[in-house]
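# Descriptive analysis of the structure
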Amino acid sequence: MSERATFQLDLLVGEDDIDVLGHASNIVFVRWIQDAAMAHSASVGLGLEAYQKLGAVFVVVRHEIDYVRPALRGDAVEARTWISSVAAAKCNRSTELVRKSDGQVLARGVTTWAFIEMATGRPRRIPGDVRVAFERFIH
């Protein structure tokens, strides 16, 4: 059995990420969660071109996010993501956003991704080779 892994992506809280309260907007956290998922997929050879060849792609059907602490201007943040469950045509991806300077968790999220046919928008069973690409990240 292979070792389970977590994909990591470095982020930085920029000026445009700050809301009227002086910290990163909740919308930025959603963007970071999606950016981490997209980067993870590309890192295992499943970028947009690969999905276009398959004729199917993952799309978000649900985000659930717990905002624990604010992210402030200039904070270096690490997104940590893994697949927490897989079904026939969908999966759940867990993500933690952690401030790098002190290791504090800023947010935790679970996103449900459905695998759909690009032409019809209908659900499609996740192919075996896609499952294998993410296998060591499932835990």
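Below is a summary of the structure that appears in this document.

Reading guide: rules and limits
Sequence positions are assigned chain by chain, starting from 1 and proceeding in written order. Only residues with pLDDT of 70 or above have their local features reported here, since the model is predicted, and side-chain atom pairs are shown and tallied only from 80 upward, although totals for entire chains, interfaces and linings are computed over all residues. With hydrogens and water excluded, all non-hydrogen atoms of the structure serve as input to the side-chain values. Here the rule is simple: two strands pair whenever DSSP picks up at least two bridges between them. Strands are runs of DSSP state E lasting at least 2 residues, helices are runs of H or I lasting at least 4, and numbering of each runs from the N terminus. What counts as an axis is a line fitted to C-alpha atoms, over the stretch in contact for a helix, and the angles between N-to-C directions run from 0 to 180 degrees. Only Phe, Tyr and Trp rings are paired, with Trp represented by its six-membered ring, and only when their centres lie within 6.5 Å; those with planes under 30 degrees apart are stacked, over 60 edge-to-face, the remainder tilted. Partly exposed describes any residue whose relative accessible area lies between the buried limit of under 20% and the exposed limit of over 50%, with all areas from a 1.4 Å probe on protein chains only and scaled to the type maximum.

### A word on the sheet that holds strand 4 (residues 90-99)
Spatial strand order, 1-3-4-5-2: five strands in an open sheet with antiparallel pairing. Of all strands in the sheet, those bounded by a partner on one side alone are strand 1 (7-12) and strand 2 (56-67). Each neighbouring strand pair of the sheet contributes to a mean axis angle of 25°, computed without reference to strand direction. For strand 1 and strand 3 (residues 76-86), the ladder comprises six bridges, and the chain directions are antiparallel.

### Some points on the packing of aromatic side chains
Throughout the structure, instances matching the rule amount to five aromatic pairs. Ring geometry for F29 against W32: centres 5.3 Å apart, planes inclined by 50°, an arrangement best described as tilted. Pair noted here: F29 and W32 are both in helix 1 (residues 26-43), with a separation of three residues, about one helical turn. You'll find F29 and W32 in the same group, each marked buried. Members of the aromatic cluster, each reached through a chain of ring pairs, are F29, W32 and Y67.

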